[in-house]
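Structural characterization, general
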Amino acid sequence: MARSSEVSGVAHAAGEWGPWLSRPASRWALSGLTVSLALGMLLLAAVVGFLHEDAYILFIYSRHLAETGQISFDLVHGPAEGATDFLWMSLIALGVRLGVDPGFVAAGLNAMGAGALLSAMYRVHAPARWHEGLARLLPLVLLSPFMGAALGGFSVLFYVGLYAQVLVCLLHRRIHAAIGWSVLLCLTRPDAVVLSAGTLLPVLYRFRHERRVLFSFALAALVGGGYFFWRKHYFGEWLPLPLMVKSQGDSLSESLVNNLMVLLPFVALPWLYWRFGSRLSRFDMLGILLPAMLLWSALALAHQSQNISYRFQAPIMVSLLLVALSLRLPSWRWRVLVWLPFLLFGFKTLAGEARYLSSAAYINGLPQLLKQHGVVRPDTRIALTEAGRMPYYLPAQYMDLVGLNSREVAVGGLTVAKIQAFQPGLIFLHHAGTYEMPASDAPFVRVSREDFLQRYWRPNTSTDPVMRAPSVVGDYLRRADRFDTIYFVRYSKRLFHVYAMDSRMVDPVGFEAALAQSQAVPLKSHCLASSYWPCQPR
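First things first, this report covers the structure right here in the doc. (Residues numbered from 1 in each chain as written. Predicted model: local features only at pLDDT ≥ 70, side-chain atom pairs only at ≥ 80, totals over all residues. Heavy atoms only, no water.)

Next up on the list: the pattern of salt bridges. Taken as a whole and judged by the stated rule, the model has 15 salt bridges. Linking E81 and R231 is a salt bridge whose minimum nitrogen-to-oxygen distance equals 2.5 Å. Residue E81 is found in the loop between α3 (53-68) and α4 (86-97), and its partner R231 is found in helix α11 (residues 211-235); the two are separated by 150 residues along the sequence. Considered together, E81 and R231 belong to a single accessibility category, that of buried residues. Here D191 makes a salt bridge to R189, at a shortest N to O gap of 3.2 Å. The burial state of D191 is the same as that of R189; both residues are buried. (Salt bridge = Lys/Arg side-chain N within 4 Å of Asp/Glu carboxyl O. Helix = DSSP H or I, 4+ residues; strand = E, 2+ residues; numbered from the N terminus. Buried < 20%, exposed > 50% of the residue type's maximum accessible area, 1.4 Å probe, protein only.)

One recurring pattern in soluble globular proteins is that nonpolar side chains are buried together. Ranked by internal contacts, the top residues of the largest apolar core, which has 137 residues, are I92, L140, F146, L370, M390 and Y499. Here the element with the most residues in this core is helix α5 (residues 102-125); it accounts for 13 residues. Non-local contacts of I92, meaning those with residues more than four positions away in its chain, are made with L58, F59, S62, P102, V105, A106 and L109. Counting residues in each nonpolar core, the second largest holds 29 residues, with L401, I419, V445 and V473 among its members. (Core = buried A, V, L, I, M, F, W, Y, C linked by side-chain atoms within 4.5 Å. Contact = heavy atoms within 4.5 Å.)

As a further point, take the packing of helix α9 (residues 175-188) against α11. Put simply, α9 and α11 touch, their axes get as near as 10 Å, and they point 10° apart. Classified by the angle their axes make, α9 and α11 are roughly parallel. Residue-level inspection shows I175, H176, I179, V183 and L187 of α9 in contact with α11, the latter providing R212, V213, S216, F217, A220, V223 and Y227. Split by residue class, the contact of α9 with α11 holds nine nonpolar, two polar and one charged. (Axes fitted to C-alpha atoms, helices over the stretch in contact; angles between N-to-C directions. Parallel < 35°, antiparallel > 145°, perpendicular 65-115°, else oblique. Nonpolar A, V, L, I, M, F, W, Y, C, P; charged D, E, K, R; others polar.)

In structure tokens form, the structure reads like this:
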């Protein structure tokens with residue numbers, strides 16, 4: 001970015017864009033309205049439905065941190081870094097410590113992120129009247145594609161709110177504030193290191209002779225380095241488990257498709273920039289787009305499992321939104337051309353996620369029933385691929401067969417020997433399309449081990465951990481004759497969960513009774529299943 005003595009881009013926006021930049025009260029009012037509306041949407045998701053399967057994984061870590069002081073997936077295997085959103089996890093743990101439901105804490109944090117995002121967009125767009133800001137900016141936040149991930153309990157709005165504040169601080173030459181926001185950003189998600197490199201390295205080069213800026217960079221580096229070495233000492237690994245797992249895989253075509261999809265709503269942006277120009281200087285434009293380009297390249301080379309509602313690409317969309325908001329568009333018709341594709345894309349994604357979260361599913365109530373009926377005890381060992389609802393609601397000893405939460409699997413991959421060493425009494429997995437499915441319309445089908453191996457198991461040689469786990473489990477069951485009962489359980493029109501159990505450790509009769517009850521009377525919402533305030537009175 002330019003030196004503080006230079007005047008370019010947004011630095012002279014107050015003169016070019018009118019008096020609204022000198023009237024922060026209107027911006028604060030619209031941001032407050034955004035927080036309120038976003039909070040209502042997010043709380044409604046927890047009241048009328050369940051949150052996303054993978055969001056419950058982080059809630060497990062937050063609850064263990066709040067209750068035991070340990071960052072772990074279960075209370076037997078010791079510290080594990082399956083939750084990469086460290087700041088997010090810690091803030092939710094603080095709320096749980098105070099007795100607040102983690103889903104509600106997540107909603108509050110995401111709502112604040114929505115307000116921060118709108119505030120940044122407002123400062124770039126600077127509408128002449130408050131109702132113009134309301135009409136133009138509020139839908140871009142509440143109907144954004146990544147809002148669906150926030151409804152599911154992920155940190156995406158909190159994350160992009162921090163990112164947007166970094167960018168706006170740099171545009172307004174508030175370098176020290178930008179560095180501070182970047183530290184919080186990097187503590188929230190590990191891929192923020194890529195974003196911070198794109199935003200701050202050009203600043204470091206431009207201000208390399210200014211001692212105060214260099215001191216701020218040194219302080220930020222000290223905090224970041226201290227955190228990095230602390231987590232290496234605490235968890236015993238240089239990288240978080242999900243990053244280790246997602247670096248594996250034999251196909252990146254899905255990653256490329258996801259990356260291209262988020263660019264489609266902005267396909268007209270280069271032409272509009274050439275046609276009408278921007279209020280940003282070219283250097284400021286580079287400062288907004290460079291981190292997005294770096295993240296796009298990094299994601300194209302990574303396995304994007306758990307990429308709900310394009311949440312990994314959310315900072316890319318925010319950068320492009322800020323560029324679109326800076327254009328000198330002459331009329332509302334041009335604004336519609338810019339923003340309507342994004343809103344339609346967002347509405348489609350949001351509607352799909354809302355439908356999924358509000359649908360009744362047996363898995364929402366099965367863990368509680370297994371606990372209630374005494375089918376699974378705290379000392380029962382469960383190996384699984386679906387590591388969200390089951391461990392969150394059902395105390396037991398767990399192994400994550402994909403490796404996102406189990407160090408022994410993440411390091412070196414899943415093998416039959418590792419499952420044998422764990423000695424599970426129950427295996428629960430998503431077959432990831434690698435098994436033959438029963439030709440039955442029944443809600444669940446019970447088969448023998450021999451029948452499963454002959455008719456349904458299909459080994460594969462994939463290096464993708466999600467695809468590999470069902471194959472290795474089948475190989476394990478081929479050798480473990482004590483697993484005598486296997487269930488295929490339907491959870492949508494075409495998809496099944498698979499349960500295999502050792503009847504000496506998990507009673508099939510009790511399991512089937514709990515399974516039938518969970519399908520006959522499914523739990524309706526996250527809040528109804530919660531034991532925390534405000535869902536349950538203190």
